Amino acid sequence: MSARLTIRSRPDARSVRRAGGLRVAALTTAAIALLVPALSACGGSASSSAGNATLKWASSSFPSHWDPVVSGSGAQFRALALVYASLTRTDEDGKAVPDLAESWEYNDKGDRITFHVRPGLKFSDGEPVDAAAVKAAIERAQKQKNSALFGDLTSIASVTADGLDATLNLTQVDYQIPQLLGERVLQIASPKAAANPAKLDQGPIGAGPFVVDQLIPGTKAVLRKNPDYWDAKNIHIDNVELVSAPDASTVVSGLQTGVYNFADIAPSQADAADKAGLDVFSQPGFNASNISLNVNKAPFDDDKVVDAFRHAINRDEFVEKLTFGHGETTDQPFPKGYVAYDSESENAYPYDPAKAKKLLAEAGHEAGDLKLNLVIPAEDPQAEIVQSQLAAVGVKVTIKIDKNWATPFFAKDLAFSLYATTGRDSAVQTLTAHFGPDGPLNLSTPYEPEGFEEAVAEVRRTPLDSPDYTKVLQSATRAGLASKALIFTFSSPNLFAKSPSVSDLPKNPAHIDWTGVKITNGS
């Protein structure tokens, strides 16, 4: 049998959404309808599941793409995880545990790893989930022209497929692979569907806990429980209505009236949601915002200017004004208490505007003569705080909005910008993304701090269960933080509000896991 996946567009859909801490243009397309193969092995149509436990989720990070190779960044992977599963996922301790792969093992040298895929699994189009599908997913992520993931997979030289056994031949010893190939980096699509990436982008086909029945790009997705999901017995939600969140100020009222029963909320709305009797909670995460500098361009090719900027930044102001006290200051890409957080590097450049002025003077800049453009993709209150704090030390900043900001940023053509990330499951991946010579978040590429490459290689050579792992990892963080290209500022929480009818979620860092979650009273 076949089922119809309806895709519509709405001309007045909101054009700006938050992704990876920065707003990006939402996808709007002409109305199209796609015929897709049967979405499950059992009979039935594409109508809602027979059960009435419906999750009504208002998301501020509604996917602009549903091809996981393209939508490999920002917070959108949380929504795509409704449809796609991965080889591994993370538990509440942030450790890799089985997902589509039931187990894995390395060779003695540590430069080859074999994943054993669970037997009998199918994608929602009926295609088998096997080693060939894993091989196709990795190779597509490495080679597809618009892939956002190719830089994450440089340790993988080749993949061989033998039935349910996918063997990854590595370019180096790398014990991070199980952490890396989880929900964030390798959400696996049906190879048959992925043969047409543009079609997959509009009609996602995975092996995750839910199947998409209807998709209105940039606006709404209607999903139903996938009975063929490997852990379907622990998925107690029958239907999902995922919608792009309206203005933050209206989300709380929507939760009160039952339009939604789950939503990610802005810190400014947390108190109102709490007073409305909603369950307000924060999921653990790796969010970190930063000021990005290009040391290949003046004036940041002068170390004294870089240090002056470091001392000019008052992180407390970001937390107070942008997170309403719910966030935390940070000078690292990791939260305190996380295994990769380096306490020795804490507060290395404390807020000291007098010292900042002195360093600028030593660099030959009088008050007011240093004028810079801060280029960002959309209006952002972070930029205004940066502008104000630098003005206090004699630097004139003009905020420039470029809707096509991503092009010059990732081409490393900008001198001065802002960025924020939701982190990675692999700490090494987070480090190399920020500090590596090819790191997408390193505006100063190919610059990297001295000693960083070897420090990261040492982490990769260290098994995750080694007693030396924590020490080695923190040393790599310390080496990365010597970078002159990034000034970390604050961490905004992953804040959510839900109706009491929705049970508590697992506390998996950075992820939204619906395993075991129940919805009562048909809400």
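Below is a summary of the structure that appears in this document. (Residues numbered from 1 in each chain as written. Predicted model: local features only at pLDDT ≥ 70, side-chain atom pairs only at ≥ 80, totals over all residues. Heavy atoms only, no water.)

Time to look at the overall build of the protein chain. Counting its secondary structure elements, the protein chain contains 15 helices and 26 strands. When each of the 523 residues of the protein chain is scored for burial, the buried share is 57%. Residue pairs in contact within the protein chain that sit at least 24 positions apart in sequence constitute 70% of those at least 6 positions apart. Carbon and sulfur atoms provide 49% of the accessible area of the protein chain, an area that totals close to 20900 Å². (Helix = DSSP H or I, 4+ residues; strand = E, 2+ residues; numbered from the N terminus. Buried < 20%, exposed > 50% of the residue type's maximum accessible area, 1.4 Å probe, protein only. Contact = heavy atoms within 4.5 Å. Areas by Shrake-Rupley, 256 points an atom, 1.4 Å probe, with all protein chains shown as cover.)

Right, let's talk about the pairing of strand 11 (residues 156–162) for a bit. Relative to strand 12 (residues 165–170), strand 11 runs antiparallel, the two sharing 6 bridges. Across the sheet, residue Thr 160 finds its bridge partner in strand 12, namely Thr 167. Linking two consecutive strands that pair antiparallel, namely strand 11 and strand 12, is a turn of 2 residues; a positive phi of about 65° is found at Gly 163 within it. (Pairing = 2+ DSSP bridges.)

Before going further, it helps to spend a moment on the pattern of salt bridges. Applying the stated rule across the entire model yields 19 salt bridges. Three or more residues are tied together by salt bridges with common partners; here these are Arg 89, Asp 231 and Lys 233. (Salt bridge = Lys/Arg side-chain N within 4 Å of Asp/Glu carboxyl O.)

All right, on to the nonpolar core then. If you look at the biggest cluster of nonpolar residues, it comprises 66 residues, and the most contacted ones within it are Leu 82, Leu 168, Leu 181, Leu 242 and Trp 514. Considering every element that reaches this core, the biggest residue donor is helix 2 (residues 131–143), with 6 residues. With near-sequence residues (within four places) excluded, Leu 242 lies in contact with Trp 57, Ser 59, Phe 62, Pro 63, Trp 66, Ala 79, Leu 82, Thr 219, Lys 220 and Ala 221. Phe 300, Ala 312, Leu 359 and Phe 490 belong to the second-largest nonpolar core, a separate cluster that totals 31 residues. (Core = buried A, V, L, I, M, F, W, Y, C linked by side-chain atoms within 4.5 Å.)

Looking now at the sheet that holds strand 12. Backbone-to-backbone hydrogen bonds join strands into a sheet, with any given pair of strands oriented parallel or antiparallel. Strand order across the open sheet formed by 4 strands is 9-10-12-11, with antiparallel pairing between neighbours. Every interior strand has two partners, whereas the edge strands, strand 9 (101–106) and strand 11, have only one. Mean inter-strand twist for the sheet, computed between neighbouring axes without regard to direction, equals 20°. Bridge analysis of strand 10 (residues 112–117) against strand 12 gives 5 bridges, and the strand direction is antiparallel. (Axes fitted to C-alpha atoms, helices over the stretch in contact; angles between N-to-C directions.)

Time to look at the side chain of Gln 176. Examined against the element boundaries, Gln 176 turns out to sit in the loop between strand 12 and helix 3 (177–180). In terms of polar contacts, Gln 176 uses its side chain to reach the side chain of Ser 426, at 2.6 Å. Not counting chain neighbours up to four residues away, the residues in contact with Gln 176 comprise Tyr 106, Ser 426, Ala 427, Val 428, Val 459, Leu 464 and Tyr 469. (Polar contact = N/O pair within 3.5 Å; in protein donor to acceptor, adjacent residues only side chain to side chain.)

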